[in-house]
Amino acid sequence: MSDNIKNKIEVLIDEISNEVANMKLSSNDFDVNTRQICSYVSSKITAKCKGLMSTLYTELSCETLKSDIFKDNTNANRFYDLDLRSHIYEKYNFEPENKINFNAINSQLVAIGIPLGIAGIGVALSLSITEPIVIPVALVVAALLYPLIKRGVDSTNKQQYYTIVDKYINDLKNELLSWFDSIETYYKKQVDELIETLEV
């Protein structure tokens, strides 16, 4: 993955961390606050990652078309016919999620094809690469971030609460990098399979 994408993800997580630290939460109830934070974080990631995915595709496709085999117009047209940008996008739903039921997270995830016990947001988001399911990004991020923070909060001390929240938000960087790695792997696999059918 390019340094450009890595840097953009890092900037995104820093932005989220700073914004959450300065949020004016509407309740003294940590559970209510956690739901509010998770909804906000998932919306921000969903909006930003749609653009990042476009940037990733642009970088990968430009690199692909520089290779000798695609300097041939017929081969280049075969690459365009793959329409990988659309195929990648259609694996995800980037719409905002306004109906997250934090009391029924497991059933919501199972309903969209994510098995119980899945480990990590990055893994869950990557499932649509290998499985015939469409992943609603906002729902998955909120639904998997919420129990992490909830389990981590073992004290009603406000400062400790924000420390825990910040930890899990910063952990999202690796989860997003893992997700984008899986998209890049999928892209390269499709291109490699195409190259095997082309005339050199």
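Residue positions within a chain follow its written sequence, with the count starting from 1. Local features in this predicted model are restricted to residues whose pLDDT is 70 or higher, and side-chain atom pairs enter the listing and the counts only when it is 80 or higher, whereas totals over whole chains, interfaces and linings include all residues. Hydrogens are left out, water is left out, and the side-chain values use all remaining heavy atoms of the structure.

Undergrad: An account of helix 2 (residues 30-66) is needed here, citing residue identities and associated values.
TA: Labels follow the DSSP assignment, with helices taken as runs of H or I lasting at least four residues and strands as runs of E lasting at least two, numbered in each case from the N terminus. Expected helix span is given by 1.5 Å per residue-to-residue step, counting one fewer step than there are residues. With 37 residues, helix 2 ought to run about 54 Å at 1.5 Å a step, and its terminal C-alpha atoms sit 52 Å apart, in line with that. Approximately 25 degrees is the largest bend angle found in helix 2, and it occurs at C49. Whenever two N or O atoms come within 3.5 Å, that pair is a polar contact, provided that in protein one can donate a hydrogen and the other can accept it, and provided that, for residues adjacent in sequence, both atoms are side-chain atoms. The distance from a side-chain oxygen at the start of helix 2 to the backbone nitrogen of D31 is 2.8 Å, and the residue carrying that oxygen is D29. To get the bend at a given residue, fit one axis to the seven residues ending there, fit another to the seven starting there, and take the angle between those axes.

Undergrad: Outline the side chain of T34, supporting the account with residue identities and numerical values.
TA: Within the secondary structure, T34 sits in helix 2. Residues within four places of T34 in sequence aside, it is in contact with Y146, I149 and Y161. Whether two residues are in contact is decided by their heavy atoms: any pair within 4.5 Å suffices.

Undergrad: Describe the pattern of salt bridges, with residues and values.
TA: Any Lys or Arg side-chain nitrogen found within 4 Å of a carboxyl oxygen on Asp or Glu counts as a salt bridge. Enumeration according to the criterion identifies 9 salt bridges in this entry. One salt bridge in this structure joins K150 and D31, with 3.3 Å as the shortest N-O distance. Remark: D31 occurs in helix 2 and K150 occurs in helix 7 (residues 137-152); sequence separation between them is 119 residues. Linking K167 and D171 is a salt bridge whose minimum nitrogen-to-oxygen distance equals 2.9 Å. Of this pair, K167 and D171 both sit in helix 8 (residues 158-195), 4 residues apart, which is roughly one turn of the helix. What emerges from the salt-bridge pattern is a single network uniting E15, E19 and K44.

Undergrad: Outline the layout of surface pockets, supporting the account with residue identities and numerical values.
TA: Computed over the protein atoms alone on a 1 Å grid, cavities are sets of points where a 1.4 Å probe fits but cannot get out and pockets are open sets with protein on both sides within 12 Å along at least five of seven lines; a residue lines them when it has an atom within 4 Å of a point. Grid points are joined across faces, edges and corners, and a volume is the space filled by probe spheres set on the points. Space inside the largest pocket adds up to approximately 280 Å³. Taken together, 20 residues make up the lining of the largest pocket; nearest its centre are I118, G120, L144, P147 and L148. Those elements giving two or more residues to the lining of the largest pocket turn out to be helix 5 (105-111), helix 7 and helix 8. Basically, the charged four are Asp, Glu, Lys and Arg, the nonpolar ten are Ala, Val, Leu, Ile, Met, Phe, Trp, Tyr, Cys and Pro, and anything else, Gly included, counts as polar. Tallied by class, residues from the lining of the largest pocket come to 14 nonpolar, 3 polar and 3 charged.

Undergrad: Break down the side chain of N33 for me, citing the residues and quoting the values.
TA: Of note, N33 is situated in helix 2. Discounting residues that sit within four places of it in the chain, N33 has contacts with L25, S26, S27, N28 and Y161.

Undergrad: Tell me about the environment of L194, residues and numbers included.
TA: Tracing the backbone through its elements, the reader meets L194 in helix 8. It is 47 Å that separates the C-alpha atoms of L194 and A21, two residues lying 173 residues apart in sequence. Sequence-distant contacts of L194, defined by excluding residues within four places in its chain, comprise F70, R78, F79 and L82.

Undergrad: I'd like to hear about the packing of aromatic side chains, residue by residue, with values.
TA: Paired rings are identified among Phe, Tyr and Trp, the last through its six-membered ring, by centres lying within 6.5 Å, and are further divided according to the angle between planes into stacked (under 30 degrees), edge-to-face (over 60) and tilted (the rest). Applying the stated criterion across every chain, the model contains 11 aromatic pairs. Here Y57 and Y187 contribute two aromatic rings whose centre-to-centre distance is 6.1 Å and whose plane-to-plane angle is 80 degrees, an arrangement assigned as edge-to-face. Residue Y57 is found in helix 2, and its partner Y187 is found in helix 8; the two are separated by 130 residues along the sequence. Cluster of aromatic residues (ring-pair linked, three or more members): Y57, F70, F79, Y80 and Y187. By definition here, charges over rings are those cases where NZ of Lys or CZ of Arg is within 6 Å of the ring centre and within 35 degrees of the ring normal. Its guanidinium or amino end placed over the ring of Y168, K167 lies 4.5 Å from that ring's centre, counting from NZ or CZ.

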